[in-house]
Amino acid sequence: MKKLLLLLTFMACTMSWLYAQQVQVQGTVTSSDDQMGLPGVNVSVKGTTKGTVTDMDGKFSLYVDKGVTLVVSYIGYKTKEVTVENQSNLALTLEVNPAQLSEVVVVGYGTQKRKDLTGAVSSIDGGALQDMSVPRIEQALAGRAAGVQISTTDASPGAGMNIRIRGDNSINANNAPLVVIDGFIGGDLSTLNNADIESFQILKDASATAIYGSRGANGVIIVTTKTGREGKTEVALTAEYGVQQLSKKLDLMDAGEYWAVRTANEQDIDRDSWEVSNVDTTGVGTDWQDAITQEAVVQRYNLRVTGGGSSTRYAAFFDYFGQDGLVKGSGYDKGTFRLNLDHDVSNKLTVGTRMVYYNASTNNTLVNGGYGSLGGPITLNALRFPPIIPVMSEEGDYNIFFNNSSQVDNPVKVADLRMKEQQRDYLRVSGYLEYALIPDLKYRLNVGYLTQNHNGQEYISKELQAALNEGIARIDNWTSSRWLVENTLSYTKTLGEKHNLNALVGFTTQLDERFRSGLAVSGFSTEVLSVNNVGVAENVLGSYSELTESKQMSVLGRLNYSYDGKYLLTMTGRSDGSSVFAKNNKWAFFPSASIGWNINEEEFLKSVDQVSTLKLRAGYGESGNQAIQPYQSLASYGTGIIYTKGSTQLNNGVAPERLSNSNLRWETTVQTNIGLDMGFYNERLTATMDLYRKETNDLLYEARLAPNSGFTSQLQNIGSIENKGLELSLSARLIEKKDFSWDVSGNVSFVRNKILDLGADSLVVMDISGGAMGGGFRENGALVVGQPLGQIYGYEYIGIYQDQGEVDALPRAGAAPGRPKYADINGDGEVNADDRTVIGNALPDFYYGLSTNLTYKNIGLNVVLRGVQGVQVANLGKVNLLRPGGLNNGLREVMDYWTPENGSNDMIAVGQTWDEMSSRFVEDASFLRVQNISLSYNVPSQWLEKAGVKSLRLYANAVNWFTFTDYSGYDPEVNSRQNDDSNYQNNVQRGIDNGAYPAAKQLMFGLNLSF
């Protein structure tokens, strides 16, 4: 017994001595993107097999010797090493590693390992977007994926974006990609917030998009939102507050300079008739750019609650975003609620739901508009309004002035007295059921419903000239809904040890309905209620209502096969039937096939440790575009036609509006893609290259008709467009040290667009300004066979006529010394309409993006740059700002106007005008933009424990703070006629700047707090 006691005492002393040399280390491992605990993280002692894994809350405990190094690793995150000294509690944050996180990629109707992909797919992790304080998620995506061009063509609050994947495919149909959010086809990116996103997958080639058939020609963006995890409830709060400022002011003349040029115009006898009591013709005068703009407050608040048990998981998101407009009278507010639920009924059956409610309110100022009854855009009128006129008169009224005998409203007055609001409610609810029929066979049912209501209201005060002293109210309301039902069967099987098979078949149906109504009235005796009681108006200017309905039915299938992880095959087919096409062409079939070769799995390369990935891909496929409005194949009648019955004028007439086309069918895009994926040094360096060509045939084109037909055009399947390009992506984890890491990623995309055929047309000249310009500027764009879309059309400007001898040598109508001179393109000795030619193009030669992340201990720095090269813009706003001696103010460069003694070749003479669209107003709009700079600090967890706070992250972020460009307007990324993808005419109405909303730079401060 004594021997036993001595032995136990000896063992206890030995163990005590051993443990005295060790320390117990406890800690929590969280994710950098949402500060939530990561379950299943490997925590091991470097060089040994000793280790543990984190629990569901990301916590771990381990006895280790002092001085050892812990290796913390998890799929999808960068491995981290930490040396144990005297710490007893470690707070470890793992940085997202996009190269590994995309090991599993969401594709159409399923997922796939990235190593097994044969198509062109770009992945963006939601964590990479967390520091981008932007109103729309598309702005945060810009520049992050090769082959994806995202343009901020309208800087006004809440404005839509233009997204193009591998160029423009169509002239009259929609070129925007299909958006799929949590499996719901036709999702809306504006309903998303940074904190909601788990990942983006962008499907670019036909082998990847063909599973979506008639809606995949323009590419597909698949969004997966965050879901709950098993573990205790976690609450996270994000709060952001900041300001926006005018990023650039145009160099206009001040009051003294304006008056000096104005009075030099001896031909204008009305130069002194201002009818303004307090004109000031000396000094600086009124800066109308400052008068209509303001420092705008931007704020966002997001609350996230996630968690779950062994069978039920939940995630709820509440988000509010508010933005005051940079231009007075504009602004944007939106609130979002999102709920994701998943429940395991049994080991075979899982059900879930995805719900989002979104409410947005937009206040619009009049920009990008025409003149006439609209009164002119505020932005352009502010540039043109004479600086000698103060905003207010001595009596406290808004000042006005007369331009060519027409009264022009003060732009501040327009901003104050013209109201245009849009309210939007959006509700999407979807549910799924997934049941394992047998171990390898699963059935999935998706059912979704979407409804949205839009209420547009506009009131123009009768104090404004545009309302003709009566007041005008307009109401535009529409309601839409969509039902979506999808049934799929998926089968996954490994045959033997080397044959892997995955098959999918499905049947889907979709129903869309939309009702729209509107009213315009005038003649308000009182403005107290304005648009809230249109019944008091005396006159009905117009009214309308319409109902549209469309249906689609689809059968789809896909087969994925891999042999030994080396040789890959994907075959896809989808047959779509749509009600929007003619009875002879309701159905179409869209097939694709692609192959892949994982060369690094071959024996001759397995021993080369430096090569971790080397895959060659090739694919061919067809996809469609049905993005036209319903009933386009049918004849239609227009309503609201004005006619006379006796002496009475009526406006309820009906007249033929559109010819039928019983053969109208789908646009079909055929695409070939060859790609190469490379990874070196365990994916520390990765690169992807894709070379593609796609051709869109049977274009939905508004073919011009003979005048005796009674119609100007008919929608037909005529012509084709080609896009071909090269995409390069590169990422590198340059430094991975204990306290310091640095990674860089970049991409560049080259796209060449060409119109191959337009039937009987080889040149179609058009107005791409939307009617905003008149006279010789009305025809300013063109469709040209053999050339890309986006052509700017006009005369080639070669200077100013210096004397009568030059006029005689190159005559044209209205030519005189001091007037513009244009090139004789056809060489016939004179200048006329036949000498017009292509003078610019709104499509870029290439576009690129670059991002870098640096972390030092708890400090992080993220910088994102984006650029576009080889793009032109027609700066039509300058047409009115470069008229020396006119009533309007102008740019300071007009002071160098032409005189016989000052032989300028850049500026016309006093009293002259620019009379034709020419290259004088086409500018290089290439740019490099520092899109985002974010500096963050993770507060050490030991400082937070007593307050019960799990993590706290503080950050500051500068958006669009620097832009390097030669463009002279407010912003090179502009298009006054291409605000978003809602108007298909935007495919040709591009490259125009005519009073666009000015760009802003933004500085934000924020915090992420989790409990």
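Residue positions are counted from 1 within each chain, in the order its sequence is given. Reporting of local features is limited, given that this is a predicted model, to residues whose pLDDT is at least 70; pairs of side-chain atoms are given and counted only at 80 or more, and all residues count toward the totals for whole chains, interfaces and linings. With hydrogens and water set aside, each side-chain value is computed from the structure's full complement of heavy atoms.

- Under an unreviewed UniProt entry, the name given to the protein chain is TonB-dependent receptor, and the source organism is Algivirga pacifica.
- UniProt positions are given in the numbering used here, feature names are shortened, and annotations may be inferred rather than shown by experiment. Note on the protein chain: under the UniProt heading Subcellular location (unreviewed entry), the record states "Cell outer membrane".

**Quick notes on the overall build of the protein chain**
Alright, step 1. If you tally the helices and strands in the protein chain, you get 10 helices and 53 strands.
Alright, step 2. Put simply, the radius of gyration uses C-alpha atoms, and a globule should come to 2.2 Å times the residue count raised to 0.38. Since a compact globule built from 1011 residues should have a radius of gyration of about 30 Å, the 32 Å found for the protein chain is in line with a globular shape.
Alright, step 3. Exposure is judged per residue with a 1.4 Å probe applied to protein chains only, and the accessible area is read against the type maximum: over 50% gives exposed, under 20% gives buried, and values in between give partly exposed. Of all 1011 residues assigned to the protein chain, the portion counted as buried reaches 53%.
Alright, step 4. Contacts are assigned to residue pairs that have any heavy atoms within 4.5 Å of one another. Long-range contacts, defined here as pairs at least 24 residues apart, represent 69% of the contacts in the protein chain between residues at least 6 apart.
Alright, step 5. We treat Lys and Arg as the positive residues and Asp and Glu as the negative residues; His and chain ends play no part in the count. Think of each charge as sitting on NZ of Lys, CZ of Arg, CG of Asp or CD of Glu. If you average the places of the 87 positive and of the 110 negative side-chain charges in the protein chain, the two averages end up 10 Å apart. Note on conventions: DSSP H or I runs of at least 4 residues are helices, E runs of at least 2 residues are strands, and numbering of each starts at the N terminus.

**Describing the sheet that holds strand β16 (residues 220–225)**
Alright, step 1. Strand order in this open sheet of five strands is β10-β15-β16-β13-β14, and the pairing throughout is mixed. Whereas interior strands pair on both sides, the edge strands pair on one side only; in this sheet they are β10 (121–125) and β14 (184–185). Note on pairing: two strands pair once DSSP finds at least 2 bridges between them.

**Observations concerning the nonpolar core**
Alright, step 1. Core analysis: the biggest nonpolar cluster contains 78 residues, and I171, Y701, L783 and W914 have the highest contact counts within it.
Alright, step 2. Taken together, the elements giving at least two residues each to this core come down to α5 (255–263), α6 (288–292), α7 (378–384), α8 (411–417), β36 (700–704), β40 (763–766) and β43 (797–800).
Alright, step 3. In this structure Y701 touches I171, N172, Q714, L715, Q716, I718, L758, D761, V764 and L783, once residues within four positions along its chain are discounted. To form a nonpolar core, buried Ala, Val, Leu, Ile, Met, Phe, Trp, Tyr and Cys residues must be joined to one another through side-chain atoms within 4.5 Å.

**Some remarks on a nonpolar patch on the surface**
Alright, step 1. Note that patches include only residues with greater than 30% relative accessible area and no salt bridge, and the join distances are 9 Å for like charges and 5 Å for nonpolar side chains (Val, Leu, Ile, Met, Phe, Trp, Tyr). Only the protein chains shown count as cover for residues, with accessible areas throughout obtained via the Shrake-Rupley method and a probe of 1.4 Å. Salt bridge criterion: a side-chain nitrogen from Lys or Arg within 4 Å of a carboxyl oxygen from Asp or Glu. Together, L433, Y435, L437, I438, L489 and V505 give the surface a local cluster of nonpolar side chains, amounting to about 460 Å² of exposed area.
Alright, step 2. When residues in the nonpolar patch are grouped by element, the largest group, four residues, is from strand β24 (residues 418–438).
Alright, step 3. Secondary-structure assignment places L489 in strand β26 (residues 472–495).
Alright, step 4. Assessed through its relative accessible area of 33%, L489 is described here as partly exposed.

**Some thoughts on the pairing of strand β12 (residues 162–165)**
Alright, step 1. Neither face of β12 is exposed, since N162 and R164 on one face and I163 and I165 on the opposite face are all buried.
Alright, step 2. In this structure, strand β11 (residues 148–151) lies alongside β12, joined through four bridges in antiparallel fashion. If you follow Q149 over to β12, its bridge partner there is R164.

**Thoughts on the environment of Y801**
Alright, step 1. By secondary structure assignment, the location of Y801 is in the loop between β43 and α10 (804–809).
Alright, step 2. Y801 gets classed as buried once you look at its relative accessible area, which sits at 0%.
Alright, step 3. Separated by 405 residues in the primary sequence, Y801 and G396 place their C-alpha atoms 47 Å from one another.
Alright, step 4. Between N or O atoms, a polar contact is any pair within 3.5 Å; within protein, one atom must be a potential hydrogen donor and the other a potential acceptor, and residues adjacent in sequence are included only when both atoms are from side chains. In terms of polar contacts, Y801 uses its side chain to reach the backbone carbonyl oxygen of L810, at 2.5 Å.

**Things to note about the side chain of S430**
Alright, step 1. The topology assignment puts S430 in strand β24.
Alright, step 2. Classification of S430 as buried rests on a relative accessible area of 11%.
Alright, step 3. Filtering out sequence-adjacent residues up to four positions away, S430 remains in contact with F184, G352, T353, R354, V447 and G448.

**Looking at the packing of aromatic side chains**
Aromatic ring pairs are defined here through the distance separating the ring centres and the angle between the ring planes.
Alright, step 1. Here the aromatic set is Phe, Tyr and Trp, taking the six-membered ring for Trp, and pairing holds for ring centres within 6.5 Å; pairs whose planes are under 30 degrees apart are stacked, those over 60 apart are edge-to-face, and all others are tilted. One pass over the structure, following the stated rule, counts 16 aromatic pairs.
Alright, step 2. Seen from their ring centres, W288 and F385 are 4.8 Å apart, and the 65° between their planes marks the pair as edge-to-face. With W288 in helix α6 and F385 in the loop between α7 and β22 (401–403), this pair connects stretches of sequence that are 97 residues apart.
Alright, step 3. With relative accessibility at 3%, the residue W288 sits in the buried group.
Alright, step 4. Taking the centre distance of 6.0 Å and the plane angle of 80° together, the rings of F590 and W666 count as edge-to-face. Residue F590 is found in strand β30 (residues 587–598), and its partner W666 is found in the loop between β33 (648–658) and β34 (667–680); the two are separated by 76 residues along the sequence.
Alright, step 5. Judged by its relative accessible area of 3%, W666 falls in the buried class.

**Here we look at the sheet that holds strand β49 (residues 922–924)**
Alright, step 1. Overall, mixed pairing links the three strands, which are arranged β49-β48-β52 in an open sheet. The sheet is open, and its two edges are formed by β49 and β52 (992–993), each paired on a single side.
Alright, step 2. By the bridge criterion, two bridges tie strand β48 (residues 872–875) to β52 in an arrangement that is parallel. Note on β52: the bridge partner recorded for N875 is D993.

**What about the pairing of strand β32 (residues 636–645)?**
Alright, step 1. Relative to β33, β32 is paired through eight bridges, and the arrangement is antiparallel. The residue of β33 that forms the bridge with T639 is V654.
Alright, step 2. Between β32 and β33, which pair antiparallel and follow one another directly, the connecting turn spans two residues, one of which, G646, has a positive phi of 70°.

**Focus: a negative patch on the surface**
Alright, step 1. On the surface, E394, E395, D397 and E463 cluster together into a negatively charged patch.
Alright, step 2. Looking at where E463 falls in the secondary structure, it is placed in the loop between β25 (441–460) and β26.
Alright, step 3. Judged by its relative accessible area of 45%, E463 is partly exposed.

**Concerning the environment of A315**
Alright, step 1. In this fold, A315 is placed in strand β19 (residues 312–324).
Alright, step 2. C-alpha of A315 to C-alpha of R229: the two residues are 86 residues apart in sequence and 8.3 Å apart in space.
Alright, step 3. Each residue touching A315, except ones within four places of it in the same chain, is listed here: K226, T227, G228, V305, T306, R338, L339 and N340.

**Some words on the UniProt feature "domain: TonB-dependent receptor plug" (unreviewed entry) in the protein chain**
Alright, step 1. Sequence positions flagged by UniProt for "domain: TonB-dependent receptor plug" (unreviewed entry) are, in local numbering, residues 114–220.
Alright, step 2. Helix makes up 8% of residues 114–220 and strand 25%, whereas the separation of the span's terminal C-alpha atoms amounts to 17 Å.

**Some details on unusual backbone geometry**
Most peptide bonds are trans, and most residues other than glycine sit at a negative phi.
Alright, step 1. Positive phi, close to 60°, is recorded for Y109, a residue that is not glycine.
Alright, step 2. Its location among the elements puts Y109 in the loop between β8 (104–107) and β9 (110–113).
Alright, step 3. Of the residues examined, Y109 reaches a relative accessible area of 18% and is grouped as buried.

**Side note on the pattern of salt bridges**
Alright, step 1. Evaluation of the coordinates by the stated rule reveals 45 salt bridges.
Alright, step 2. Among the salt bridges present, the one from D476 reaches R516, with a minimum N-O distance of 3.0 Å. With a gap of 40 residues between them, D476 in strand β26 and R516 in strand β27 (residues 499–522) connect regions that are remote in the sequence.
Alright, step 3. Since its relative accessible area comes to 26%, R516 is described here as partly exposed.
Alright, step 4. Among the ionic pairs, E736 bridges to R733, the shortest N-O distance being 2.6 Å.
Alright, step 5. The exposure class of R733 is buried, given its relative accessible area of 11%.
Alright, step 6. A network of salt bridges, in which partner residues are shared, links R866, R929, D971 and E973.

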